[in-house]
Amino acid sequence: GITDMPVTESEALATLSRVFGYEAFRGEQEAIIEHVVAGGDALVLMPTGGGKSLCYQIPSLVRPGTGVVVSPLIALMQDQVDALRALGVRAGFINSTQDFDERRVVEAEFLAGELDLLYLAPERLRLEATRDLLSRGKIAVFAVDEAHCVSQWGHDFRPDYLALSMLGERWPDVPRIALTATATRATHEEITQRLGLPGARHFVASFDRPNIQYRIVPKTDPKKQLLAFLRQEHEGDAGIVYCLSRNSVERTAEFLTRNGIEAVPYHAGLDAGTRAAHQSRFLREDGLVVVATIAFGMGIDKPDVRFVAHLDLPKSVEGYYQETGRAGRDGLPSTAWMAYGLGDVVQQRKLIQSGEGDEAFRRRAAAHLDAMLALCETVDCRRGRLLAYFGQDPDPAGCGNCDTCLTPPETWDGTVAAQKALSAVVRLQRERGQKFGAGQIIDILLGKRTAKVIQFDHDQLSVFGIGEELTEGEWRGVVRQLLAQGLLAVEGEYGTLVLTDTSPSVLRREREVPLRKEPKKPAAARSGSAT
Ligand code: ADP
Ligand code: ZN
């Protein structure tokens, strides 16, 4: 810290205004800082943009010694340190991007007591050399940022975080503060246990972002839907559009630009110079749209992002919340908009099936996806679902600022339709020993004599044409919801449909299948990008 004077409450406030130029603390910041400055351990659960950094930066400045910050975001350390130095804070970092000499300089500064803050990558703390270095200096506080990385069940597990439990054993007198934006109740118990923080005080900020309107629309022609959304509601606004692949990032950015909306791509395949240029344009200019893979956004602090759009389904609710949370940090009305369809479910299920990792990893990924799908398919308030997911109590009356609150979706009894779809899958397999994807199953149900139907004689199946009462779009909705509910599964690299353990209960009429009604508008042709 800057001073060795006795600590008072107003010293924190004085530091806030003198160093950071802010007038008042936000939310629980003051209580957290007071607690840590007094030497207490803390677990801080605060949404992105809530102001977590000050919760350890101010104690680092106020308490004698250096605040040691463990962060997995190596790519951001240089920026964070530069920003702090610009404020006159003596900050440094140690990570793998440095050469020997650069590291020596930082180490010397630390040992000389000339650092207020030292950022460390977690893998550094596995090295005895680093621990030894820390033992020879004075530490004000340990901050473990992105603390959910310690959770093996989380979406962002880092094995190096497991070693952090030794901090409390080796430095019992140094207060520790663990911070995260993505903690379900289970994760926060895991953080407490694995980091050895049983006595830590918990500070849980509300995860509600009332100024963000959540909307999830059925995907038909995503680029066109996006364009219409932007023209109708966000002309000239800054925003982020997330796509899954680099290719669709590029195509979407081009498409928007061609249609008069200034947009730049951002993904890991672009060279560092281009990425940096696009990022700084986004921060500097008004009303620029960035089309990006999830590589974009970590540490981006732009207050007036008016919308976040997803053209593809995020892999987890945590991811969705974090990405949409980049909208509206200034508190003004903003939109989280997503187009979601059958193709998303098939694709994500396929990715998990064919992806790397062991069985436990796949089960975890599937559980994360299931929670995300449940959010997409719910007929209840989306905000309520989100808050409940993070262990917080939603307003039972609904939020009034999400699509399901604003225009409650209708439901219908999809039991018979579900039986028909499942029967088609069963017939193909039993009578022909074949498995097909959703497109062929739907063509069979609709009684369409397509080239592929003729080729395989599928017009001879007993289920051919038994589903003519529904449109193609409606069938896509049925199959999507069956996949989302786990009543159908996807297999192999072609994404063929197969039954699950629960499918027989539908076929035997032991179970009803309530479904969300698809909108009247006909779905786009299957040859389109919506599949
Ligand atoms: P988080 O790490 O929780 O995502 P940050 O610590 O990056 O959030 O803070 C988000 C933004 O809010 C930053 O621009 C930060 O400077 C600003 N901020 C934090 N606390 C205050 C405060 N008390 N007054 C004004 N601005 C604040
Ligand atoms: Zn709502």
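Use the structure listed above.
Residues numbered from 1 in each chain as written. Chains lettered and ligands numbered in written order. Predicted model: local features only at pLDDT ≥ 70, side-chain atom pairs only at ≥ 80, totals over all residues.

Novice: Whenever I open this one, the sheet that holds strand β8 (residues 212-218) confuses me. Can you help?
Specialist: Sheet strands pair by backbone hydrogen bonding; their relative direction is either parallel or antiparallel. What the 6 strands build is an open sheet, ordered β8-β13-β12-β9-β11-β10; its pairing is parallel. Bordering the open sheet on either side are β8 and β10 (263-266), each of which pairs with just one other strand. Ignoring which end each strand starts from, the neighbouring axes of this sheet average 15° apart. Pairing between strand β9 (residues 239-242) and strand β11 (residues 289-292): 4 bridges, direction parallel. Across the sheet, residue Y242 finds its bridge partner in β11, namely A292. (Pairing = 2+ DSSP bridges. Helix = DSSP H or I, 4+ residues; strand = E, 2+ residues; numbered from the N terminus. Axes fitted to C-alpha atoms, helices over the stretch in contact; angles between N-to-C directions.)

Novice: Would you take a moment to explain the environment of G414 for this structure?
Specialist: Within the secondary structure layout, G414 lies in the loop between β14 (411-413) and α17 (415-432). C-alpha separation for the pair G414 and V478, spaced 64 residues apart in sequence, amounts to 7.6 Å. The contact partners of G414, leaving out residues within four places of it in the chain, are V478, V513, P514 and L515. (Contact = placed C-beta atoms within 7 Å.)

Novice: It is not clear to me how the sheet that holds strand β1 (residues 42-45) should be interpreted in this structure. Could you clarify?
Specialist: With respect to topology, 7 strands assemble into an open sheet ordered β3-β4-β2-β5-β6-β1-β7, the strand pairing being parallel. Both edges of this open sheet fall to β3 (91-94) and β7 (201-204), since each of them pairs with a single strand only. Here the average twist between neighbouring strands, direction ignored, is 20°. Where β3 lies against strand β4 (residues 117-120), 4 bridges are found, and the strand directions are parallel.

Novice: Could you clarify how one ought to interpret the site of ligand 1 in this entry?
Specialist: Surrounding ligand 1, one finds 13 residues, the nearest of these being Y22, R26, G51, K52 and S53. Looking at the shell around ligand 1, its residues break down into 4 nonpolar, 6 polar and 3 charged. (Near = placed C-beta within 6 Å. Nonpolar A, V, L, I, M, F, W, Y, C, P; charged D, E, K, R; others polar.)

Novice: Looking at this structure, how should I read the pairing of strand β13 (residues 334-340)?
Specialist: Remark: a regular strand shows side chains that alternate across the two faces of the sheet. Within β13, 7 of the 7 residues are buried, leaving the element largely enclosed by the surrounding structure. Burial along β13 is two-sided: the face carrying S334, A336, M338 and Y340 and the face carrying T335, W337 and A339 are both buried. Here β8 pairs with β13 via 7 bridges, running parallel. Among the inter-strand pairings, Q213 is bridged to a residue of β13, identified as T335. Here strand β12 (residues 307-310) runs beside β13; their pairing, made up of 4 bridges, is parallel. By the bridge assignment for β13, F307 is matched with T335. (Buried ≥ 20, exposed ≤ 12 C-beta atoms within 10 Å, placed from the backbone.)

Geometric values such as these leave the question of function open.
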